[in-house]
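Coordinate inspection notes
These are the residues of each chain, in order.
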Amino acid sequence: MSWVLDHLVINNHFALAATRDIFSALGFTLTPESRHTLGSANQLVMFDDHYLELIGQPRDSAVVRQELLDSPRGIDGLVFRSDDAQQTAHQLAGQGFAVQPVQHFSRAVEADGERGEARFSTVRLSPGSFVAGRVYFCQHHTPEWLWRAPWLQHANGVKGIESLTVVTDDLPAERQAWQRLGPLAPAFTLRLAGDDRWQDFPACRDRTRRSQFAAITFRGGDAALLRQAAQEAGLAWHQEAGRLVIALPDIHTLLEFRL
């Protein structure tokens, strides 16, 4: 068995709107803001079989999702698909991971003039299981409320997420930790890199952390549109043959586009 990517998470604490505006300016289509029963709010960048979640904590929410505020801003979640959350929890416990109780929650959705409820069950590894960030597993009970045709097309031409890069000051330890999880499905790659990978964009490396989820690599993209959008937003960028990188230093994140 191999783990299939479900989604990546960018944690914004109380500044969801700021990151949303950047992704919108870069030509991504975002779903409308929605609130979880857990207290958090999110907007999604949807692709054919996975997505990127921008998440934050509303200041006016009666419920505080403390795990978000206790985690750093930036790429903070690597989430794999589960067809049965209880079975996944049992499997992970059998692999020796500390597993939190299965969590059930939902959020309201508006799409195509209809209203519905997206429901989820998640299996979360205990905090600290991976130094770079949170790792969990998501079962979708109502996928029809996420994968909607108007949300799957992006003006910038991006087709999906290809990989996630972990930057670390201890490559052997990081490699050993991830090998314990088991193989990933071939459509998605987890890349491990040392600090030298970040020489061009040092502001995107959080020096308070030994390891971090640091870069999302997207498949495809209109280089001219992305460069212009980055310039207008005051974001540093670098382009070379087949590759464009845009830096988001406020959240210690690089966006890489394989052209």
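It should be noted that the structure appears before, not after, this text.
Now for a description of the structure that goes with this document. (Residues numbered from 1 in each chain as written. Predicted model: local features only at pLDDT ≥ 70, side-chain atom pairs only at ≥ 80, totals over all residues. Heavy atoms only, no water.)

Some details on the environment of Asp-206
- Summarising the element assignment, Asp-206 is placed in the loop between β10 (189-193) and β11 (211-219).
- Each residue touching Asp-206, except ones within four places of it in the same chain, is listed here: Gln-212 and His-252.
- Within the local environment of Asp-206, its side chain forms a polar contact with the side chain of Thr-208, the two groups lying 2.6 Å apart. (Helix = DSSP H or I, 4+ residues; strand = E, 2+ residues; numbered from the N terminus. Contact = heavy atoms within 4.5 Å. Polar contact = N/O pair within 3.5 Å; in protein donor to acceptor, adjacent residues only side chain to side chain.)

With respect to unusual backbone geometry
- A positive phi angle, near 50 degrees, is found at His-13, a position not held by glycine.
- Mapped onto the elements of the fold, His-13 is located in the loop between β1 (5-11) and α1 (16-25).
- The exposure class assigned to His-13 is buried, which follows from its relative accessible area of 19%.
- Positive phi values are uncommon outside glycine, yet His-252 reaches one of about 50 degrees.
- Mapped onto the secondary structure, His-252 falls in the loop between β13 (243-248) and β14 (253-258). (Buried < 20%, exposed > 50% of the residue type's maximum accessible area, 1.4 Å probe, protein only.)

With respect to the sheet that holds strand β4 (residues 51-56)
- Taken in spatial order, the eight strands line up as β2-β3-β4-β1-β5-β8-β7-β6 in an open sheet, and their pairing is mixed. Either end of the sheet is taken by a strand with one partner, and the two such strands are β2 (34-35) and β6 (103-111).
- Where β2 and strand β3 (residues 41-46) come together, two bridges link them in antiparallel fashion. Its bridge partner being in β3, Arg-35 is matched across the sheet by Ala-41.
- Running over the sheet, α1 touches β1, β3 and β4 and is turned about 150 degrees from β4. (Pairing = 2+ DSSP bridges. Axes fitted to C-alpha atoms, helices over the stretch in contact; angles between N-to-C directions.)

Looking at the packing of aromatic side chains
- Evaluation of the coordinates by the stated rule reveals 13 aromatic pairs.
- Ring geometry for Phe-47 against Phe-218: centres 6.4 Å apart, planes inclined by 55 degrees, an arrangement best described as tilted. With Phe-47 in the loop between β3 and β4 and Phe-218 in strand β11, the pair connects residues that are 171 residues apart, well separated along the chain. Comparing Phe-47 with Phe-218, the two get one shared label, buried. (Phe/Tyr/Trp six-rings, centres within 6.5 Å; stacked < 30°, edge-to-face > 60°.)

A closer look at the sheet that holds β11
- The mixed open sheet is built from six strands, whose spatial order is β10-β9-β11-β14-β13-β12. The sheet is open, and its two edges are formed by β10 and β12 (237-240), each paired on a single side. If you compare each strand with its neighbour and ignore which way they point, the axes differ by 20 degrees on average.
- In this structure, strand β9 (residues 160-168) lies alongside β10, joined through five bridges in parallel fashion.

Points about the pairing of β13
- The buried count for β13 comes to six of six residues, which makes it a mostly enclosed element.
- Taking every second residue as pointing to the same face, both faces of β13 are buried, with Arg-243, Val-245 and Ala-247 on one and Leu-244, Ile-246 and Leu-248 on the other.
- Bridging between β12 and β13 involves four bridges; their strand directions are antiparallel. Paired with Trp-237 across the strands is Ile-246, a residue of β13.

A look at the pattern of salt bridges
- Throughout the structure, instances matching the rule amount to 17 salt bridges.
- Across the salt bridge formed by Arg-115 and Glu-110, the nearest N and O atoms sit 3.4 Å from each other.
- Between Arg-243 and Glu-256 there is a salt bridge, with its nearest N and O atoms 2.3 Å apart. Of this pair, Arg-243 sits in strand β13 while Glu-256 sits in strand β14, and the two are 13 residues apart along the sequence.
- On the basis of relative accessible area, Arg-243 is assigned to the buried category, the value being 14%.
- Residues joined in a network through salt bridges with shared partners are Arg-65, Glu-67, Asp-76, Arg-124 and Arg-134. (Salt bridge = Lys/Arg side-chain N within 4 Å of Asp/Glu carboxyl O.)

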